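What follows is each chain in one-letter form.
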Amino acid sequence: QVQLVESGGGLVQAGGSLRLSCVASERTFSTYVLGWFRQAPGKEREFVGYIKWNSGTTYYRDSVKGRFTISRDNSKNTAHLQMNSLKPEDTAVYYCSARSALAVHPTAVASYDYWGQGTQVTVSS
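All of these numbers come straight from a predicted model, not from anything done at the bench.

Caption draft 1: Structural detail: the overall build of the chain. Regarding its fold elements, the chain presents zero helices and eleven strands. Beginning at the N terminus, the succession of helices and strands in the chain can be written as β-β-β-β-β-β-β-β-β-β-β. The C-alpha radius of gyration of the chain comes to 13 Å, within 12% of the 14 Å expected for a compact globule of 125 residues. Counting only C-alpha atoms and orienting by the principal axes, one finds that the chain spans roughly 40 × 25 × 25 Å. Looking at the chain residue by residue over its 125 residues, the buried ones come to 45%. Here the chain displays about 6,300 Å² of accessible surface, and carbon together with sulfur accounts for 46% of that area. Where the 13 positive side-chain charges of the chain centre and where its 9 negative ones centre are 4 Å apart.

Caption draft 2: Quick look at the sheet that holds strand β1 (residues 4-7). Read from one edge to the other, the open sheet built from four strands follows the order β1-β3-β8-β7, with strand pairing classed as antiparallel. Of all strands in the sheet, those bounded by a partner on one side alone are β1 and β7 (68-73). In this sheet, adjacent strand axes meet at a mean angle of 15 degrees when their direction is disregarded. Looking at chain direction, strand β3 (residues 18-24) and strand β8 (residues 78-83) are connected through six bridges and run antiparallel. Among the inter-strand pairings, cysteine 22 is bridged to a residue of β8, identified as alanine 79.

Caption draft 3: Molecular detail of the pattern of salt bridges. On inspection of all chains with the given rule, the structure shows five salt bridges. The shortest N-O distance in the salt bridge between arginine 38 and glutamate 46 comes to 2.7 Å. For arginine 38, a relative accessible area of 6% corresponds to the buried category. With relative accessibility at 27%, the residue glutamate 46 sits in the partly exposed group. The salt bridge involving arginine 67 is made with aspartate 90; its shortest N-O contact spans 2.8 Å. With a gap of 23 residues between them, arginine 67 in the loop between β6 (58-60) and β7 and aspartate 90 in the loop between β8 and β9 (92-99) connect regions that are remote in the sequence. What makes arginine 67 buried here is its relative accessible area of 11%. Given a relative accessible area of 1%, aspartate 90 falls into the buried group. Taken together, the shared-partner salt bridges in this structure form one network comprising Arg38, Glu46, Arg61, Arg67 and Asp90.

How each quantity is defined
- Residues numbered from 1 in each chain as written.
- Predicted model: local features only at pLDDT ≥ 70, side-chain atom pairs only at ≥ 80, totals over all residues.
- Heavy atoms only, no water.
- Helix = DSSP H or I, 4+ residues; strand = E, 2+ residues; numbered from the N terminus.
- Rg over C-alpha atoms; globule rule 2.2 N^0.38 Å.
- Buried < 20%, exposed > 50% of the residue type's maximum accessible area, 1.4 Å probe, protein only.
- Areas by Shrake-Rupley, 256 points an atom, 1.4 Å probe, with all protein chains shown as cover.
- Lys, Arg positive; Asp, Glu negative; His and termini not counted.
- Charge placed at Lys NZ, Arg CZ, Asp CG, Glu CD.
- Pairing = 2+ DSSP bridges.
- Axes fitted to C-alpha atoms, helices over the stretch in contact; angles between N-to-C directions.
- Salt bridge = Lys/Arg side-chain N within 4 Å of Asp/Glu carboxyl O.

Okay, here's the thing in structure tokens:
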């Protein structure tokens, strides 16, 4: 059982930056895929990006490409979501998630086995 804990959310003005962190309890995390999702009020949870832990390969949804960056710290079982040039439409609860097996291109909610509790990101205009 993997436990994920997010932190780093908050209120920021448009154009600002935030860095979210996700700490995983599982020691053998090296084979996992870690994904970031977000859910705005009244909307479905949507894919933001993922990192394949072993290779470091990343992938992002089009609307955040060039603004968001996912990285990992192997020694701390921690992943980060660096968000720059934030826009009001980025406002949502952000979740980190983990898939306990390698996959080619896991962008669906159903592709992930474990979820954190979420952290609120609010971008004011």
